[in-house]
Amino acid sequence: MTEKRIEVAVPGQVNEGELLAIDAEGVPVLLSRVDGRVCAVINRCPHMGMKMSRGHVCDGVVTCPWHGSRFELRSGENVDWVNAFAGVPMPRWTHRIIAMGKSPAGLTTLPVEERADAIIVSLPG
Ligand code: FES
């Protein structure tokens, strides 16, 4: 499978504790910076495919704004599965209902290169 490298932003646009949503030739990409390094993931939550652009970022972990799942931005690893509804925390007994049969899964990470004047993401071909 060949990769397609696309310039998606300039370094000053991607900051610690913030999310930047980009349409990379039709692929929704979410950028952030963790401990100085730029991270790129596909901007689709593995729970229901919703965009995570309005999520909250803290210590390199993004929280999905819809049902509260949390993911490591660097690895994409899921660290907490659904626990909220429309951003409102819900009691534990509701979590299986909110999950709607979906098992925990991680975000899809993308290779990213930061140059002095550009951030370049590699998309699957
Ligand atoms: S869509 Fe992200 S946790 Fe449900």
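The shown structure was predicted, so the numbers you read here are calculated from the model rather than taken from an experiment.

Visitor: Quick question: what am I supposed to make of the sheet that holds strand β3 (residues 27–34) here?
Guide: Backbone hydrogen bonds hold the strands of a sheet together, and the pairing may be parallel or antiparallel. In spatial order, the strands read β2-β3-β4-β11; together these four strands make up an open sheet with antiparallel pairing. The open sheet has two edge strands, β2 (20–24) and β11 (109–110), and neither has a second partner. Taken together, the five bridges between β2 and β3 define a ladder with antiparallel strand orientation. Opposite A24, over in β3, you have V27 as the bridge partner.

Visitor: Even after reading the chapter, I still don't get a nonpolar patch on the surface, so can you show me in this structure?
Guide: Taken together, the side chains of F85, V88 and M90 present a nonpolar region at the surface, about 270 Å² in accessible area. Of note, F85 is situated in strand β9 (residues 84–85).

Visitor: Even after reading the chapter, I still don't get the pairing of β2, so can you show me in this structure?
Guide: Taken residue by residue, a regular strand's side chains alternate between the two faces of the sheet. The alternating pattern of β2 places L20, I22 and A24 on a buried face, while none of A21 and D23, on the opposite face, is buried. Here β2 folds back onto β3, and the loop between the two strands holds two residues, one of which, E25, carries a positive phi near 50°.

Visitor: Explain the pairing of β3 here, please?
Guide: Along β3, seven of the eight residues are buried, which leaves the element largely enclosed by surrounding structure. Both β3 and strand β4 (residues 37–42) contribute to a ladder of six bridges, which runs antiparallel. Residue L30 lies in a different strand from β4, and its bridge partner there is V41.

Visitor: Explanation requested: the nonpolar core in the structure shown.
Guide: What tends to happen in soluble globular proteins is that the nonpolar side chains get buried as a cluster. Core analysis: the biggest nonpolar cluster contains 17 residues, and M52, V62, F71, L73 and L107 have the highest contact counts within it. Going through the elements one at a time, β3, β4 and α1 (95–99) are the ones with two or more residues in this core. Look past the residues within four positions of V62 in its chain and what remains in contact with it is L19, M52, H56, V57, S69, R70, F71, L73 and L107. Formed by 16 residues, the second largest nonpolar core is a distinct cluster that contains V14, I22, A24 and V38.

Visitor: Can you walk me through the side chain of S69 in this structure?
Guide: The residue S69 is located in the loop between β6 (61–63) and β7 (70–72) in this model. Here S69 falls in the buried class, since its relative accessible area comes to 1%. Reaching out from S69, the side chain makes a polar contact with the backbone nitrogen of V82 at a distance of 3.1 Å. Beyond its immediate chain neighbours, meaning those up to four positions away, S69 contacts V62, T63, C64, N78, D80, W81 and V82.

Visitor: When you look at the pattern of salt bridges in this model, what are you seeing that I'm missing?
Guide: For side chains of opposite charge, pairing can occur when their charged atoms come near one another. Within the structure shown, the criterion is met by six salt bridges. A salt bridge links D80 to R70; the nearest nitrogen and oxygen atoms lie 3.9 Å apart. One end of the pair, D80, is in strand β8 (residues 78–80); the other, R70, is in strand β7, with 10 residues separating them in the sequence. Judged by relative accessible area, D80 falls into the partly exposed class, the value being 28%.

Cut-offs applied
Residues numbered from 1 in each chain as written. Predicted model: local features only at pLDDT ≥ 70, side-chain atom pairs only at ≥ 80, totals over all residues. Heavy atoms only, no water. Pairing = 2+ DSSP bridges. Helix = DSSP H or I, 4+ residues; strand = E, 2+ residues; numbered from the N terminus. Patch = residues over 30% accessible without salt bridge, like charges linked within 9 Å, V, L, I, M, F, W, Y side chains within 5 Å. Areas by Shrake-Rupley, 256 points an atom, 1.4 Å probe, with all protein chains shown as cover. Salt bridge = Lys/Arg side-chain N within 4 Å of Asp/Glu carboxyl O. Buried < 20%, exposed > 50% of the residue type's maximum accessible area, 1.4 Å probe, protein only. Core = buried A, V, L, I, M, F, W, Y, C linked by side-chain atoms within 4.5 Å. Contact = heavy atoms within 4.5 Å. Polar contact = N/O pair within 3.5 Å; in protein donor to acceptor, adjacent residues only side chain to side chain.

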